[in-house]
There are 2 protein chains.
Amino acid sequence: MGNKVKTAISPTREEDYPMWYQEVVKASEMAEKSSVRGCMVIRPWGYTLWENMVAILDAEFKETGVKNAYFPLFIPLSYLEKEAEHVEGFAKECAVVTHHKLEQGPNGGLVPAGELAEPLIVRPTSETIIGESMSRWVSSYRDLPVLINQWANVVRWEMRTRIFLRTSEFLWQEGHTAHATEEEARQRTSMMLDVYTKFVEECLAMPVVKGRKSESERFPGAVDTTCIEAMMQDKKALQAGTSHFLGQNFAKGSDIRFQDADGKDQFAWTTSWGVSTRMIGGMIMTHGDDDGVIMPPRVAPAHVVLLPIFRNDEEKKDVMEYVNSLAGELRQILYHDRKIVVEIDERDTGGARGWEWIKKGIPVRAEIGPKDVEKNAVFAARRDRTPKEKSSIARSDFINGMVEMLDEIQATLFKRAKDFKDSNTHQIDDKNKFYDFYKSKEGIHGGFVMAHWCESLDCEAKIKEDLSVTIRCIPFDSPEESGKCIYCGGKSQKRVLFAKAY
Amino acid sequence: MGNKVKTAISPTREEDYPMWYQEVVKASEMAEKSSVRGCMVIRPWGYTLWENMVAILDAEFKETGVKNAYFPLFIPLSYLEKEAEHVEGFAKECAVVTHHKLEQGPNGGLVPAGELAEPLIVRPTSETIIGESMSRWVSSYRDLPVLINQWANVVRWEMRTRIFLRTSEFLWQEGHTAHATEEEARQRTSMMLDVYTKFVEECLAMPVVKGRKSESERFPGAVDTTCIEAMMQDKKALQAGTSHFLGQNFAKGSDIRFQDADGKDQFAWTTSWGVSTRMIGGMIMTHGDDDGVIMPPRVAPAHVVLLPIFRNDEEKKDVMEYVNSLAGELRQILYHDRKIVVEIDERDTGGARGWEWIKKGIPVRAEIGPKDVEKNAVFAARRDRTPKEKSSIARSDFINGMVEMLDEIQATLFKRAKDFKDSNTHQIDDKNKFYDFYKSKEGIHGGFVMAHWCESLDCEAKIKEDLSVTIRCIPFDSPEESGKCIYCGGKSQKRVLFAKAY
Ligand SMILES: [Zn+2]
Ligand SMILES: [Zn+2]
């Protein structure tokens, strides 16, 4: 106890990880629960992060020829009925609109009125309605490919919610493409997974394992579901993005047909791919420490906060002049296509002020008092180091070294997360050891295990039942290697990635 | 008949303006009706336009210190009940969610299940929920101002819908700010109206009249509603943006209180302001002609389309090489902070191809065949001129003159719209003339009339009843001038703007 450093967030990650997560989000002012069950209010600090993520991803999508469109919030019930018929794991938890007006009730309150002939569902995805549109837009091979993306809110009713990780309403993008050939659709599937991988690793500083889902974890209707899986600090896996190759299944369901160059009628080959605000939860759980959120500079809502210190109006004048000119210079600097964002916090709230910015995870803090002005310096700290590590830096070095410092922080976060993932990824070849690993209290959730699997649904299901451990993916870089299934000892040619998951 | 030029859109504006609008939207592939009553599918050509509009406005908002946030899609019924109590013109047409799941029904279909204890409303605005959040966020003068904006979808049930102009679901932004003083809130109200004015005039090329609403046209709960009004080609007015000064009314309703510097408890002063996808409808109706949409270059989804022409593979090779290199050069050019967007349309659909781009309203078209390659030229046309006006331009002139050409088109559109508005705005001082003006068939909807008004609600209501003509605004630049009310002859100090309106 005596040596324990007091941290800004209580409980710590070790004491209670789920509660730590809640507290970190709250303390960062990124988002909060709303009065509507399961829905969140995303506050400016969280929403600006999302905007930065969207801007980068959106530009990458467009670079590959994708264009954005917008589809209705509501889906007719009959569309889902059609889907429910042929989609097994069809989710039935959704918001149902049954009336289109409010009337004065007998007790003075408002009551629903104007019952709809057909109930409407608030979109859990826009898949069906996009399919219906594509079937109208496509008639010839000349109309292909169709490369559409939508950024929107979707709703899936959740009973137990956690901000960003699982909420009834969330923000996401869903891409849908239709192609004339299987090859082109397969290329698109992997192209978009690559876009996600690059973004998550380079911008969110989250190392991921790239692979293919097992049949039982596959998206309903998909021929192939590919994904990227990240490791949280409680050693559980979080899926950070998926890209599906749907073969001709979806086109058959939605009647997306075209005449090929020879005049022959064909079904299109389609893909879909998406990421959501859930990524923000993953980013927080990857980098956050016991003092709060740590924002990777590439997506941080702001890069630098300047904290002026003064005791009287005279000091204030000098300090603020210095601070404003410093901010002005920093804001001219380009950091990976975005101008450096500088906050100036002149609230007179004492020491609490600095801690607020630590909890928000801003990459760089700089205190500036009369002495710093005199020395033409700043007293700076980096969020990837401990709160006490501060040092005086000459003004010009601070400005000229800013891009490098931010890149260093970004690299540190990635390295730290990668080391954590790598040191918590194990090869296990013995069933007892595998079971012990996931049952031991010490490891909480164990970590990632690369183990052999015979591809039997049954073995996979048993492991899930016994340990709540699932196959997260069959990694693309898992080498061909003869081995024995970790559950039944049957023949296996490849190790797959097992983990507990969010 | 003999001299009538065949146009791409039928009917023409003169023949049937509302039908012309529908056909123009359809032919442009900007948006279409969806299978969900009252909701539209915004296709890439329309959505990219919206993205461009959003990008410019959003940057302007941020320049003034506003930050974006996101609030829940759903509003608890009780919030609206509270509002309905004290807001007179409270709109009751809304989508009501009463259930949170679907179950297999007795006949095999899906039926709503899991009835909610309290129905939820799909937000018609987020006003109430933003007010509730602000009341939690604000406690001291140090927390002020709060400057929040949200880009989102909202739903107001509509029975008769027209794409972009009136749809059940639409996209918009709503800004909400809270301030410590009345003066600051009033400044913000006019600052945001100025942002809208600048955007609508400079980017959408739509001239507007800026002013204040009369009491009866004011936003419920507002102390002051300011607005910008544009004239459509049928001479009706369309409100292109509003900015409200809400005094302390909204803060009282939502309990947004703060301790001032002297420790005294005060209600905040608030504003709200918004624009929506309705602006797109206004833009189409301002500039469109009988050949379709005309996109102002500043917001156009693309600036230039290159139309390669070839008869065989050999020609194709040469032409495409030329076209691709030309596109590459054009795409390096910055036009008002945005790189020039170039489309290449190599579909072999003959003459129909060029007409499609005319109907889409792309500012510049350029045909390129083997002869143009030989001459190192392009055969170019501008959308602000007639379809037949095409001319050969040297490649280098085309590239070097592109920014100027786009600016010219932008200026032409604005001037044309301004001349139209000015020549259809009249001063009328005689009641009979006023009535004749709006009753005459010739003028369809008459136009704008600047007339005196005694400020009586009664005179205003009578005119509305008789003619469906309303006071669009009391223009800020309307000079003090003694006159007689156009309806009752009573004293008046100012002319106000009358018109029929969308
Ligand atoms: Zn096995
Ligand atoms: Zn009067």
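Parameters at a glance
- Residues numbered from 1 in each chain as written.
- Chains lettered and ligands numbered in written order.
- Predicted model: local features only at pLDDT ≥ 70, side-chain atom pairs only at ≥ 80, totals over all residues.
- Heavy atoms only, no water.
- Salt bridge = Lys/Arg side-chain N within 4 Å of Asp/Glu carboxyl O.
- Helix = DSSP H or I, 4+ residues; strand = E, 2+ residues; numbered from the N terminus.
- Buried < 20%, exposed > 50% of the residue type's maximum accessible area, 1.4 Å probe, protein only.
- Donors = N, O, S within 2.8 Å, 3.2 Å for Na, K, Ca; no water.
- Tetrahedral: all angles 85-135°; square planar, octahedral: opposite > 155°, others 65-115°.
- 1 Å grid on protein atoms, 1.4 Å probe; cavity = no way out; pocket = protein on both sides within 12 Å on 5 of 7 lines; lining within 4 Å.
- Points joined across faces, edges and corners; volume = space filled by probe spheres on them.
- Contact = heavy atoms within 4.5 Å.
- Buried area = accessible area lost by both parts, 1.4 Å probe.
- Polar contact = N/O pair within 3.5 Å; in protein donor to acceptor, adjacent residues only side chain to side chain.
- Nonpolar A, V, L, I, M, F, W, Y, C, P; charged D, E, K, R; others polar.
- Least-squares fit on C-alpha atoms with pLDDT ≥ 70 in both.
- Axes fitted to C-alpha atoms, helices over the stretch in contact; angles between N-to-C directions.
- Parallel < 35°, antiparallel > 145°, perpendicular 65-115°, else oblique.
- Left-handed = near helix turned anticlockwise from the far one by under 90°.
- Expected span 1.5 Å × (residues − 1).
- Arc of directions from axis to C-beta.
- pLDDT = per-residue confidence, 0-100.

**Student:** Quick rundown of the pattern of salt bridges? Include the residues and the values.
**Tutor:** Applying the stated criterion across every chain, the model contains 73 salt bridges over all chains. For the salt bridge of Asp345 of chain A with Arg347 of chain A, the shortest nitrogen-to-oxygen distance reads 2.8 Å. Taking the shortest distance from any N to any O, the salt bridge between Lys317 of chain B and Glu321 of chain B comes out at 3.9 Å. Of this pair, Lys317 of chain B and Glu321 of chain B both sit in helix H8 (residues 313-330), four residues apart, which is roughly one turn of that helix. Assessed through its relative accessible area of 56%, Lys317 of chain B is described here as exposed. Overall, the relative accessible area of 51% leaves Glu321 of chain B in the exposed class.

**Student:** Which residues make up the coordination of the zinc ion (ligand 1), and what values do they have?
**Tutor:** All names here are of chain A. On the protein side, the zinc ion (ligand 1) has Cys454 (SG), Cys459 (SG), Cys485 (SG) and Cys488 (SG) as donor atoms, found 2.2 to 2.3 Å from it. Between the four donor atoms coordinating the zinc ion (ligand 1), the angles at the centre fall across 104 to 116°, so the site counts as tetrahedral. Sequence positions of the donors to the zinc ion (ligand 1) reduce to the motif C-x4-C-x25-C-x2-C. With Cys454 in the loop between strand E23 (448-452) and helix H14 (457-467) and Cys485 in the loop between strand E25 (483-484) and strand E26 (491-492), this pair connects stretches of sequence that are 31 residues apart. For Cys454, a relative accessible area of 21% gives the class partly exposed. Cys485 gets classed as buried once you look at its relative accessible area, which sits at 4%.

**Student:** Explain empty space enclosed by the protein residue by residue, including any values.
**Tutor:** As enumerated under the stated definition, the model contains one cavity of 30 Å³ or more in all. As for the largest cavity, its lining consists of Cys39, Met40, Ile42, Glu169, Phe170 and Leu171 of chain A together with Tyr70 of chain B. At the level of elements, strand E2 (40-42) and strand E8 (169-179) of chain A are the ones that each hand at least two residues to the lining of the largest cavity. The leading source of residues in the lining of the largest cavity is E8 of chain A, at three residues.

**Student:** Talk me through the interface of chain B and chain A; I want residue IDs and the actual numbers.
**Tutor:** Contact residues are listed per partner, giving 68 residues for chain B and 67 residues for chain A. Both sides together, the interface formed by chain B and chain A hides about 5,600 Å², and carbon and sulfur atoms give 63% of it. The largest per-residue losses of area from chain B upon contact with chain A belong to Tyr70, Leu102 and Leu110 of chain B, which jointly make up 13% of the total buried on that side. The tally of links from chain B across to chain A stands at ten salt bridges. With a closest N to O distance of 3.8 Å, Lys101 of chain A and Glu93 of chain B form a salt bridge. Here chain B is connected to chain A by 36 residue pairs in polar contact (both at pLDDT 80 or more). It is strand E5 (residues 93-104) of chain B that contributes the most residues to the side of chain B that touches chain A, eleven residues altogether. Looking at side-chain class alone, the side of chain B that touches chain A contains 39 nonpolar, eleven polar and 18 charged residues.

**Student:** Now, about the relation of the copies chain B and chain A: what can you tell me, with residues and values included?
**Tutor:** Mapping chain B onto chain A is achieved by rotating through 180° and translating by 0.0 Å along the same axis, at an RMSD of 0.0 Å. Here the copies are linked by what is in effect a two-fold axis. In terms of proximity to the rotation axis, the leading residue of chain B is Val97 of chain B, whose C-alpha is 2.1 Å off the axis. The overlap is high: 99% of the interface residues of chain B also sit at the interface in chain A, so the same surface is used on both sides.

**Student:** Explain the packing of helix H1 (residues 17-28) of chain B against helix H7 (residues 278-287) of chain B to me, using residue names and the numbers behind them.
**Tutor:** Residue and element names in this part refer to chain B. Interhelical geometry of H1 versus H7 gives an angle of 110° and a closest axis separation of 11 Å. Relative to H7, the element H1 is oriented roughly perpendicular. Remark: the crossing between H1 and H7 carries right-handed chirality. Contacts between H1 and H7 involve Tyr17, Trp20, Tyr21, Val24 and Val25 on the former and, on the latter, Gly281, Ile284 and Met285. Here the contact of H1 with H7 is built from residues that sort into seven nonpolar, one polar and no charged.

**Student:** Account for helix H12 (residues 402-423) of chain A, naming residues and giving values.
**Tutor:** Residues and elements named next belong to chain A. The terminal C-alpha atoms of H12 lie 31 Å apart, and with 22 residues this matches the ideal 32 Å at 1.5 Å per residue to within 8%. Along H12, the residues classified as buried are Met402, Met405, Leu406, Ile409, Gln410, Leu413, Ala417 and Lys421. Each buried residue of H12 sits inside an arc of 150° when the element is viewed along its axis, so together they form one side. In H12, the exposed residues that point more than 90 degrees away from the buried face are Glu404 and Lys415.

**Student:** How would you summarise the coordination of the zinc ion (ligand 2) if you had to cite specific residues and measurements?
**Tutor:** All names here are of chain B. Looking at the zinc ion (ligand 2), the protein donor atoms are Cys454 (SG), Cys459 (SG), Cys485 (SG) and Cys488 (SG), and they sit 2.2 to 2.4 Å from it. One can describe the donor arrangement at the zinc ion (ligand 2) as tetrahedral, given that its four donor atoms subtend angles of 104 to 115° at the metal. Read in sequence order, the donor residues coordinating the zinc ion (ligand 2) give the pattern C-x4-C-x25-C-x2-C.

**Student:** Requested: an account of the confidence of the model for chain A, with residues and values cited.
**Tutor:** Averaged over all residues, the pLDDT of chain A equals 95, while 97% of them reach at least 70. Confidence metrics for the complex model read pTM 0.96 and ipTM 0.96.

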